Amino acid sequence: MELLTEIRVMQQVAHEPRAAGRTIALVPTMGFFHEGHLSLMRLGRARGDLLVVSLFVNPTQFGPGEDFKEYPRDLDRDLRLAAEVGVDLIFEPSVEAMYPPGFQTFVTVEEVTRGLCGAARPGHFRGVATVVAKLFHIVKPHVAIFGEKDYQQLVTIRRMVRDLNLDIEVVGHPIVREPDGLALSSRNLYLSPAERVSARSLSQALERAKALYRAGERQAAVLAAEARGVIEAQPHTRVDYVAVCDRETLEPLDEVKEGAVVALAVFVGRARLIDNCLLP
Ligand code: PAF
């Protein structure tokens, strides 16, 4: 496995397989790999002749007071795990190279980023869309793989790809969970043992919404309130939002007619965790 840090070199390296008709798959990450990342890489391995994983903790998607500085990092461990999964190339640029002095061009995806996490984290999706657009131009993938846990991020990137006519297939990978249902996230590391117990309530809340939906409940307010109740019954939790939205526009729904996504964000201790499920 090769490690590249220079943007220009990465662009040149990507040129050759493309010209030879080989498929490049990209898995964009912020590192500190867990099984969720490794599953994205395994899917990328199956989809691409050349599998590139980018590893970059992107400062523009963190707001003031968020955890950019403390975000967990362990390059040696990441390199070992990626090599085990069969990654061909890790692209790990510096912040200075990605955002040199004078940088002032950003990608804004408008409507789908307004609500949910976009409301609580202004500028977050502008940072995500910008870095992903840059990575697409640097790595030149045919296929890019993203986790469905960050559902709003996936919708945002799909929208950007469509709106800017980028010739890239965006593939979502189902959420990978701990045996007790907690969605894997690098931020789970911030949980104390007691908070880790309370964090189970996120997936339990989604299960509650799904069970009610299966039993015929279609009022979004009822589904959201019941899910919220499951979380609020646990100590250490502070709900940011529980929302029932259209799967593509992410507009909040009153009534679930043709499927929906139930999305939630919850502070458990100092960790802000997100999760979601689809109502078919
Ligand atoms: O999901 C993430 O890890 C990040 O938001 C991404 C897509 C790598 C962009 O920095």
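Cut-off values and rules
- Residues numbered from 1 in each chain as written.
- Predicted model: local features only at pLDDT ≥ 70, side-chain atom pairs only at ≥ 80, totals over all residues.
- Heavy atoms only, no water.
- Helix = DSSP H or I, 4+ residues; strand = E, 2+ residues; numbered from the N terminus.
- Rg over C-alpha atoms; globule rule 2.2 N^0.38 Å.
- Buried < 20%, exposed > 50% of the residue type's maximum accessible area, 1.4 Å probe, protein only.
- Areas by Shrake-Rupley, 256 points an atom, 1.4 Å probe, with all protein chains shown as cover.
- Lys, Arg positive; Asp, Glu negative; His and termini not counted.
- Charge placed at Lys NZ, Arg CZ, Asp CG, Glu CD.
- Expected span 1.5 Å × (residues − 1).
- Arc of directions from axis to C-beta.
- Contact = heavy atoms within 4.5 Å.
- Pairing = 2+ DSSP bridges.
- Axes fitted to C-alpha atoms, helices over the stretch in contact; angles between N-to-C directions.
- Near = heavy atom within 4 Å.
- Polar contact = N/O pair within 3.5 Å; in protein donor to acceptor, adjacent residues only side chain to side chain.
- Nonpolar A, V, L, I, M, F, W, Y, C, P; charged D, E, K, R; others polar.

Attention now moves to the overall build of the protein. When its secondary structure is counted, the protein shows 9 helices and 9 strands. By the compact-globule yardstick of 19 Å for 280 residues, the protein fits well, its C-alpha radius of gyration being 19 Å. Sorting the 280 residues of the protein into buried and exposed places 51% on the buried side. For the protein, the exposed surface amounts to about 13100 Å²; the carbon and sulfur share of it is 50%. A gap of 1 Å separates the mean positions of the 33 positive and 37 negative side-chain charges of the protein.

Okay, helix 1 (residues 7-19) next. The end-to-end C-alpha separation of helix 1 is 19 Å, in line with the 18 Å expected for 13 residues at 1.5 Å each. Along helix 1, the residues that are buried comprise Ile-7, Met-10, Gln-11, Ala-14 and Pro-17. Around the axis of helix 1, the buried residues are gathered within 130° of arc, so they sit on the same side. Along helix 1, exposed side chains directed more than 90 degrees from the buried face belong to Arg-8, His-15, Glu-16 and Ala-19. On its buried face, helix 1 sits against strand 1 (2-4), strand 2 (24-29), strand 3 (50-55), strand 4 (89-91), helix 4 (95-98) and helix 6 (124-139). Where helix 1 ends, the next residue or the one after it, Gly-21, has phi of about 80°, a positive value.

A few words on the sheet that holds strand 8 (residues 260-268). Sheet architecture is open: 3 strands sit in the order 7-8-9, paired in antiparallel fashion. Pairing within the sheet leaves two strands with one partner each, and these edge strands are strand 7 (237-245) and strand 9 (271-279). When strand polarity is set aside, the average angle formed by the axes of neighbouring strands in this sheet is 15°. Here 8 bridges tie strand 7 to strand 8, and the two strands are oriented antiparallel to one another.

Here we take up the side chain of Asp-275. Inspection of the secondary structure assignment puts Asp-275 in strand 9. Residue classification places Asp-275 among the buried residues on the basis of a relative accessible area of 3%. Here Asp-275 is in contact with Ile-175, Arg-177, Ala-183, Leu-202, Ser-203, Leu-206, Val-262, Ala-263 and Leu-264, once residues within four sequence places are set aside.

Looking at the ligand, the residues that line it are Pro-28, Thr-29, Met-30, Asn-58, Gln-61, Val-131, Phe-146 and Gln-153. Between the ligand and the protein, one listed contact pairs an oxygen atom with a side-chain N or O atom of Gln-61 at 2.6 Å. The class makeup of the residues in the shell around the ligand is 4 nonpolar, 4 polar and no charged.

Relative to the helices and strands, Val-128 is located in helix 6. The buried category is assigned to Val-128, whose relative accessible area is 1%. Val-128 has contacts with Asn-58, Gln-61, Gln-153 and Ile-157, leaving out every residue within four places of it along the chain.

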